[in-house]
Amino acid sequence: MVSVSDPDELATGLLTLWLSTANELCAGGTYRVEPKGHPVVREKRCSDAVKSVHNGLQCLEVDASVFGKVICELAPPAASR
């Protein structure tokens, strides 16, 4: 599983970091991503929780995040002979 999040970054920027990390983990080879062939991308958003501030209630924000399972696809040993 590869997961990145940042309170000050947009999900598109995190996706670039996520893809770079997946590529490094698989040593530049091919890989599959689960679920459904691509990582889950979530923009910063309000959670179900709220906090009390001086002028009322405010939602607690959830950081932007990208996550997914990376499966490196190595060539079978016979292919390298």
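Residues numbered from 1 in each chain as written. Predicted model: local features only at pLDDT ≥ 70, side-chain atom pairs only at ≥ 80, totals over all residues. Heavy atoms only, no water.

S.K.: Provide a residue-level description of the overall build of the chain, including the pertinent values.
M.R.: In terms of helices and strands, the chain carries one helix and six strands. Going from N to C terminus, the chain has its helices and strands arranged as β-α-β-β-β-β-β. Against the compact-globule benchmark of 12 Å for 81 residues, the chain has a radius of gyration of 18 Å, which places it well outside the compact range. Counting only C-alpha atoms and orienting by the principal axes, one finds that the chain spans roughly 70 × 20 × 15 Å. Long-range pairs, those at least 24 residues apart, make up 61% of the contacts in the chain between residues at least 6 apart in sequence. Approximately 5,900 Å² of the chain is accessible, and the part contributed by carbon and sulfur atoms is 55%. Positive and negative side-chain charges of the chain, numbering 8 and 10 respectively, have mean locations separated by a distance of 9 Å. (Helix = DSSP H or I, 4+ residues; strand = E, 2+ residues; numbered from the N terminus. Rg over C-alpha atoms; globule rule 2.2 N^0.38 Å. Contact = heavy atoms within 4.5 Å. Areas by Shrake-Rupley, 256 points an atom, 1.4 Å probe, with all protein chains shown as cover. Lys, Arg positive; Asp, Glu negative; His and termini not counted. Charge placed at Lys NZ, Arg CZ, Asp CG, Glu CD.)

S.K.: Please give an account of the state of the cysteines that cites residues and values.
M.R.: Summed over the entire model, instances satisfying the criterion amount to two disulfides. Here Cys26 is linked by a disulfide to Cys72, with a sulfur-sulfur distance of 1.9 Å. Taking the sign of the S-S torsion, -85 degrees for the link of Cys26 and Cys72, the bridge is left-handed. Taken together, the positions of Cys26 in the loop between helix H1 (11–25) and strand S2 (31–34) and Cys72 in strand S6 (residues 64–72) put the pair 46 residues apart, joining distant regions of the chain. Under the relative-accessibility criterion, Cys26 is labelled buried at 6%. (Disulfide = S-S within 2.5 Å. Buried < 20%, exposed > 50% of the residue type's maximum accessible area, 1.4 Å probe, protein only.)

S.K.: So what about the pairing of strand S4 (residues 45–53)? Which residues, and what values?
M.R.: Looking along a regular strand, one sees the side chains alternate between the two faces of the sheet. Where S4 meets strand S5 (residues 56–62), six bridges bridge the pair, whose relative direction is antiparallel. Residue pairing for S5: Cys46 is matched across the bridge by Glu61. (Pairing = 2+ DSSP bridges.)

S.K.: Let's hear about unusual backbone geometry: which residues, and what values?
M.R.: The residue after Glu34, namely Pro35, is reached through a cis peptide bond having omega 10 degrees. Examined against the element boundaries, Pro35 turns out to sit in the loop between S2 and strand S3 (40–42). For Lys36, which is not glycine, the phi dihedral falls at a positive 60 degrees. Mapped onto the elements, Lys36 comes out in the loop between S2 and S3.

S.K.: Outline the nonpolar core, supporting the account with residue identities and numerical values.
M.R.: Ranked by size, the top nonpolar core spans eleven residues in total: Val2, Val4, Ala11, Leu14, Trp18, Ala22, Cys26, Val33, Ala64, Val66 and Val70. Breaking this core down by element, the ones donating at least two residues are strand S1 (2–6), H1 and S6. The element best represented in this core is H1, accounting for four residues. Not counting chain neighbours up to four residues away, the residues in contact with Val4 comprise Leu14, Leu17, Trp18, Ala64, Ser65 and Val66. (Core = buried A, V, L, I, M, F, W, Y, C linked by side-chain atoms within 4.5 Å.)

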